[in-house]
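Here's the letter readout for the chains.
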Amino acid sequence: MEKLKELFKTKTKLMLIATGVVLLLILAIVLWLLGVFDKKADPSYILMQLKKTSTLKASEMDLEGKTTYTDEGGIKFLTKGGFIMEYHCIVEATIDLKEAEVSSNSISKTVTVTIPKAKVGNVYFDKSKTKFYDEKIAIFDFDDKDDLNRAYEQAEKEVKKLAKEKGILESAQENSGDLIKELVTPLVPKNYEIKVKMK
């Protein structure tokens with residue numbers, strides 16, 4: 001009889017252990033289906049990585065043009081020089097990622113990156129292609145380098161305006177979504193969707 005009681009106790013313990021293991025397995029499966037064990041996106045980490053990038057070049061445009069430069073003030077032929085400068089340059093449209101915002105939703109598995117609108121950024125002149133015409137000589141105009149720098153500054157203002165008119169900002173806005181997704185994709189779990197919004 002004693003052996004029967006011990007056998008019954010052992011069987012009962014084994015049944016309880018087996019039931020506990022089955023219940024734990026069922027609980028683990030339910031939690032897995034609910035996504036409790038899934039990796040979650042970390043918006044602060046994503047934002048930190050975007051801010052490290054700082055500025056995103058979203059579009060660029062090759063432009064050629066001419067600008068007429070004339071010294072301000074001065075006396076013609078003595079101190080007032082001038083010229084026509086023909087130039088070739090590349091204009092960039094950029095997005096300041098320091099102003100980006102990132103949020104995530106672990107239920108819908110989305111990461112939303114909100115970025116500012118693009119701005120016309122740097123202008124790079126190919127000085128090897130710059131040509132000068134109709135140079136007006138001034139006998140006492142000794143600041144040729146200053147004249148050239150002021151001519152490039154003048155051309156840069158004209159180029160930025162022209163680039164806007166030709167749609168560089170619209171092109172940058174169109175490209176920015178794909179560029180942001182390329183930057184963010186390695187930073188989020190594979191089962192997350194990345195959305196990009198403009199401020």
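Scroll up a little and you will see the structure.
This structure is a prediction, so every number in the text was calculated from the model and none was measured. (Residues numbered from 1 in each chain as written. Predicted model: local features only at pLDDT ≥ 70, side-chain atom pairs only at ≥ 80, totals over all residues. Heavy atoms only, no water.)

> Please clarify how the nonpolar core should be interpreted in this entry.
In summary, soluble globular proteins display a tendency toward joint burial of nonpolar side chains. In terms of nonpolar packing, the biggest core is built from 37 residues, with Val91, Val111 and Val184 touching the most fellow members. At the level of secondary structure, the elements contributing two or more residues to this core comprise α2 (43-53), β1 (55-70), β2 (82-96), β4 (110-115), β5 (119-125), α3 (144-165) and α4 (168-184). If you tally residues by element for this core, the top one is β2, at seven residues. Once residues within four sequence positions are removed from consideration, Val111 is found in contact with Ala41, Ile46, Val102, Ser103, Ser104, Val184, Val188, Tyr192, Glu193, Ile194 and Lys195. (Core = buried A, V, L, I, M, F, W, Y, C linked by side-chain atoms within 4.5 Å. Buried < 20%, exposed > 50% of the residue type's maximum accessible area, 1.4 Å probe, protein only. Helix = DSSP H or I, 4+ residues; strand = E, 2+ residues; numbered from the N terminus. Contact = heavy atoms within 4.5 Å.)

> When you look at the sheet that holds strand β3 (residues 101-105) in this model, what are you seeing that I'm missing?
Pairing between the strands of a sheet is mediated by backbone hydrogen bonds and can be parallel or antiparallel. One open sheet holds the three strands; their spatial order is β3-β4-β7, and the pairing between them is mixed. Either end of the sheet is taken by a strand with one partner, and the two such strands are β3 and β7 (193-198). Between one strand axis and the next, the sheet turns by 20 degrees as a mean value, whatever way the strands run. In this structure, β3 lies alongside β4, joined through five bridges in antiparallel fashion. Residue pairing across strands places Glu101 opposite Thr114, the latter belonging to β4. The sheet contacts of α4 involve β4 and β7, and relative to β7 the element is tilted by about 140 degrees. (Pairing = 2+ DSSP bridges. Axes fitted to C-alpha atoms, helices over the stretch in contact; angles between N-to-C directions.)

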